[in-house]
Amino acid sequence: MKAAAFAYARATSVVNALELLAVHGDKAKVLSGGQSLMPAMNLRLLSPDVVIDICDLAELRGIVVKGNVLVIGALTRHVDLQRSADVATYAPLLRDAIVHVAHPAIRNRGTIGGSLAHADPASELPACMVTLDATIVVRGPGGERRIAATEFFKGIYETALSPDELLVAVELPIAPAGSTCFFQEFARRHGDYAIVGLAAQAVVKDGTFANLRLGFFAVGDRPLLAAVAGKLIDVFVTPASLAEAAAALVEELDPHEDQQGSPAMRRHLAKVLLLRCVAALLARPELDTGAAG
Amino acid sequence: MIAPMSVSLLVNGEPVDAFVLPRLNLADFLRENLKLTGTHVGCEHGVCGACTVRISGEIVRSCLTLAVQTQGASVETIEGLSDSGEIADLQAAFRERNALQCGYCTPGMLMTAQDLLKQSPTPDREAIREHLSGNYCRCTGYQAIIDAVEATAKARAGRSS
């Protein structure tokens, strides 16, 4: 289908974009790369009166290291993340995840800010933000707000952003020395939305987890930072304790039913990913028992 | 009423000036306004890849790009790549190996395959599959397409060494 009619405004600055948002409020949608917004408009899931194109706002583009923080501008494209040496060094989880975000032609236009503001629960980047304890920086008429990623995602396509606010950047704590990461997802086709996925980062010392963050996605209405990770920190993981953690994970998840899978299938796949993840991060392949049963 | 907006861009190297409604996507602009019907419209939500074109040298989905967003841009379509001879060998390889049947996906496949070969001169079959993962073909089962891209990569590598 084609998008319904809308008026188009090209913002000339962040201030101008905020002025346009103040005028049009929730009748407007912000267009960055358009790789989530345009499908939704073509499918008539969204019919904004006004589209505010922020593609000219060069100040929202780019990746810089500031002290212990990697700052990524909202308009930074997926392909820019993929090619960035700073991302590979300081946020290797994001480097591993980005190749699973759609396909080359979409990564050439899709932006990190657009993906996060869209907040599809089956998409990769929101889960990475939660796992990496990112801060989402937004600007509105009252100035700047800084929102923890764990507080930012509120539901399917719902975030803490107000209609008069613009997502301008994300800040990622630089991955601690000695940290390792794991990213895997199940999808019908490489690059499609996940059926279930896991973005994890850990610090392993002497064969045990000194820290472990497990961000599951496509298992509920928003990315889930699994509390079950706490059961695996500072203990020697055995097949029995891991099976216990997997059982607790199943209780923690509230997956949805859709064309791609039932809640039971999603719970099973989440367990499979947990076992793979722990086995990989601890470099103990025998722990990956395949989540049978 | 929403008024048409002016847009000026390059299409296959030639300047184009037009007035378009904001809702018009680039695929429809190319097909309906410029009669460049090599760019195909499949799913219209970014899944099938039939509408793939190049903007500023990078492949994009023309169904997910508004014509008004291409102000000042350089757009290249399958007609441009074909007429310039840039992909003549790739097209020949597709023909030789029956890498197309109905041909609906072929322009997008060629655009995407050429994009890969520009970035990575000797990709293995896995890399070819991954790069083409965003392009659906409902006829060939993909094997012949992978064969054609792999053969073209090898032939080009042989010529340049």
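The model shown is predicted, which means the values in this text are computed figures rather than measured ones.

Undergrad: Outline helix 10 (residues 239–252) of chain A, listing residues and values.
TA: Residue and element names in this part refer to chain A. Compared with an ideal rise of 1.5 Å per residue, which puts 14 residues at 20 Å, helix 10 spans 20 Å between its outermost C-alpha atoms and is within 8% of the ideal. Every buried residue of helix 10 is listed here: Leu242, Ala245, Ala246, Leu249 and Val250. Viewed along the axis of helix 10, the buried residues span an arc of 145°, placing them on a single side of the element. The outward face of helix 10, more than 90 degrees from its buried face, is lined by the exposed residues Ala240, Glu244 and Glu251. Here the buried face of helix 10 lies against strand 13 (208–217) and helix 11 (263–281).

Undergrad: Kindly report on the pairing of strand 4 (residues 58–61) of chain B, identifying the contributing residues and their values.
TA: Residues and elements named next belong to chain B. Note that strand 3 (residues 52–55) and strand 4 share 4 bridges and pair antiparallel. The residue bridging valine 53 from the neighbouring strand is valine 60, located in strand 4. Connecting strand 3 to the next strand, strand 4, in antiparallel fashion are 2 residues, including serine 56 with a positive phi near 50°.

Undergrad: How would you sum up the side chain of serine 115 of chain A? Please name residues and give values.
TA: Structurally, the position occupied by serine 115 of chain A is in helix 7 (residues 112–118). Each residue touching serine 115 of chain A, except ones within four places of it in the same chain, is listed here: His78, Ser123, Leu125 and Pro126 of chain A.

Undergrad: Go over the packing of helix 3 (residues 88–96) of chain B against helix 4 (residues 106–119) of chain B, please, and point to the residues and values.
TA: Two numbers describe a pair of packed helices, the interaxial angle and the distance between the axes. Residue and element names in this part refer to chain B. Between helix 3 and helix 4, the shortest axis-to-axis distance is 11 Å and the interhelical angle comes to 125°. It follows from the interaxial angle that helix 3 and helix 4 lie oblique. As for how helix 3 packs across helix 4, the hand of that crossing is right-handed. Mapping the contact onto sequence places Leu90, Gln91 and Phe94 in helix 3 and Thr106, Met109, Leu110, Ala113, Gln114 and Leu117 in helix 4. When grouped by side-chain class, the residues that make up the contact of helix 3 with helix 4 number 6 nonpolar, 3 polar and no charged.

Undergrad: Report on the sheet that holds strand 13 of chain A, specifying residues and quantitative values.
TA: The strands making up a sheet are joined through hydrogen bonds of the backbone, oriented either antiparallel or parallel. All names here are of chain A. With antiparallel pairing, 4 strands are arranged side by side in an open sheet as 11-12-13-14. With partners counted over all chains shown, the strands left at the sheet margins are strand 11 (179–186) and strand 14 (224–225), one partner each. Here strand 12 (residues 196–205) pairs with strand 13 via 9 bridges, running antiparallel. By the bridge assignment for strand 13, alanine 199 is matched with glycine 215. In the packing of helix 11 onto the sheet, the strands contacted are strand 11, strand 12 and strand 13, and the crossing angle to strand 11 comes to about 150°.

About the cut-offs
Throughout, a residue's number is its position along its own chain's written sequence, starting from 1. Chain letters start at A and ligand numbers start at 1, both assigned in the order the entries are written. Totals for whole chains, interfaces and linings use all residues, but because this is a predicted model, local features are given only for residues with pLDDT of at least 70 and pairs of side-chain atoms are given and counted only at 80 or more. No hydrogens and no water enter the side-chain calculation; it runs on all heavy atoms of the structure. Comment: elements are numbered from the N terminus, with helices defined as DSSP H or I runs of at least four residues and strands as E runs of at least two. To estimate the expected span of a helix, count its residues, drop one, and scale the result by 1.5 Å. Throughout this description, buried means an accessible area under 20% of the type-specific maximum (1.4 Å probe, protein chains only), exposed means over 50%, and partly exposed covers the range between. Directions are taken from the helix axis to each C-beta atom, and the arc is the one they span. Only heavy atoms matter for contacts: two residues are in contact if any of them lie within 4.5 Å across the pair. Think of it this way: DSSP has to see at least two bridges between two strands before they count as a pair. Whenever a helix is involved, its axis is fitted only over the stretch in contact; in every case the axis is a line through C-alpha atoms, and angles between N-to-C directions fall within 0 to 180 degrees. By definition in this entry, angles of less than 35 degrees are roughly parallel, angles greater than 145 are roughly antiparallel, angles of 65 to 115 are roughly perpendicular, and the rest are oblique. Definitions for this section: a left-handed crossing has its near helix turned counterclockwise from the far helix by less than a right angle. A right-handed crossing has that turn clockwise. Nonpolar residues are Ala, Val, Leu, Ile, Met, Phe, Trp, Tyr, Cys and Pro. Charged residues are Asp, Glu, Lys and Arg, and all others, Gly as well, are polar.

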